[in-house]
Amino acid sequence: MSLPLILASGSQIRADLLRAAGVSFAIEVAKVDESSIRDSLLAEGAAPRDVADALAEYKARKVSARNPAALVLGCDQVLSCNGKLYSKPQSTEDARAQLMELRDQRLHLLSAAVIYEGGEPVWRHVGVARLKMRAFSETYLDDYIERNWESLRSSVGGFKLEEEGVRLFASIEGSHFTILGLPLLELLGFLEVRGVIAG
């Protein structure tokens, strides 16, 4: 009998991706202070990939401690540009400032997933998407934020590529699932090997 899978995330889109792929799972949101962990890692000189991986691992470890008989999936996504990490905007002003910094730049969007079993990591993957933001006008940016604030406030960097945010970009290289925040194909491969899903 396969172990139950727990998603240690409150992300609606990650849950939707798993459901759409026919994966059965429970949700138990990990309560971690992401800002403190991120700041500490950056102070130590951690690379963006390591920050995403560490945050995903913190979440998986925390929920695994309470559910040792389950496979626990922790996830995190970070946006990197010119050595700086970007977070979810706290206000419309914050979103505008971030997007102005990102305008006409090349970005890296990293989506990490870590699975814990019995309090130990058993699988991990960090997917990377490379994006080029176009040199959009400030008028368009202001209109975009006004129209989409309620949606983009929950998006790292202040854009949602699956919505109107796609118009901010000139090119995108990488998995659609990585962009949405979950390296789904790699995860499904692991779940099949473990017998969680049929192959």
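These notes cover the structure that comes with them. What you see is a predicted model; the values in this text were computed from it and never measured.

**Focus: the side chain of Q77**
Mapped onto the fold, Q77 is located in strand 3 (residues 71–81). Look at Q77 and you get buried, because its relative accessible area is 15%. At 3.1 Å, the side chain of Q77 forms a polar contact with the backbone oxygen of T178. Excluding residues that lie within four positions of it along the chain, Q77 makes contacts with R14, L109, L110, S111, V156, T178, I179, L180 and G181.

**Concerning the layout of surface pockets**
The volume enclosed by the largest pocket comes to roughly 780 Å³. Every residue lining the largest pocket is counted, 34 residues in all, and those nearest its centre are S11, R14, K88, S154 and V156. In terms of residue class, the lining of the largest pocket is made up of 13 nonpolar, 11 polar and 10 charged.

**Remarks on the nonpolar core**
Nonpolar side chains in soluble globular proteins tend to be buried together. Core analysis: the biggest nonpolar cluster contains 24 residues, and L99, L102, L107, M133, Y144, F159 and L168 have the highest contact counts within it. Contributing elements (two or more residues each) for this core: strand 3, helix 4 (92–102), strand 5 (106–117), strand 6 (120–133) and helix 5 (138–152). It is helix 5 that provides the largest number of residues to this core, a total of 6 residues. Those residues in contact with Y144, other than ones at most four positions away along the chain, are L99, L152, G158, F159, K160, E164, G165 and L168.

Thresholds applied
- Residues numbered from 1 in each chain as written.
- Predicted model: local features only at pLDDT ≥ 70, side-chain atom pairs only at ≥ 80, totals over all residues.
- Heavy atoms only, no water.
- Helix = DSSP H or I, 4+ residues; strand = E, 2+ residues; numbered from the N terminus.
- Buried < 20%, exposed > 50% of the residue type's maximum accessible area, 1.4 Å probe, protein only.
- Polar contact = N/O pair within 3.5 Å; in protein donor to acceptor, adjacent residues only side chain to side chain.
- Contact = heavy atoms within 4.5 Å.
- 1 Å grid on protein atoms, 1.4 Å probe; cavity = no way out; pocket = protein on both sides within 12 Å on 5 of 7 lines; lining within 4 Å.
- Points joined across faces, edges and corners; volume = space filled by probe spheres on them.
- Nonpolar A, V, L, I, M, F, W, Y, C, P; charged D, E, K, R; others polar.
- Core = buried A, V, L, I, M, F, W, Y, C linked by side-chain atoms within 4.5 Å.

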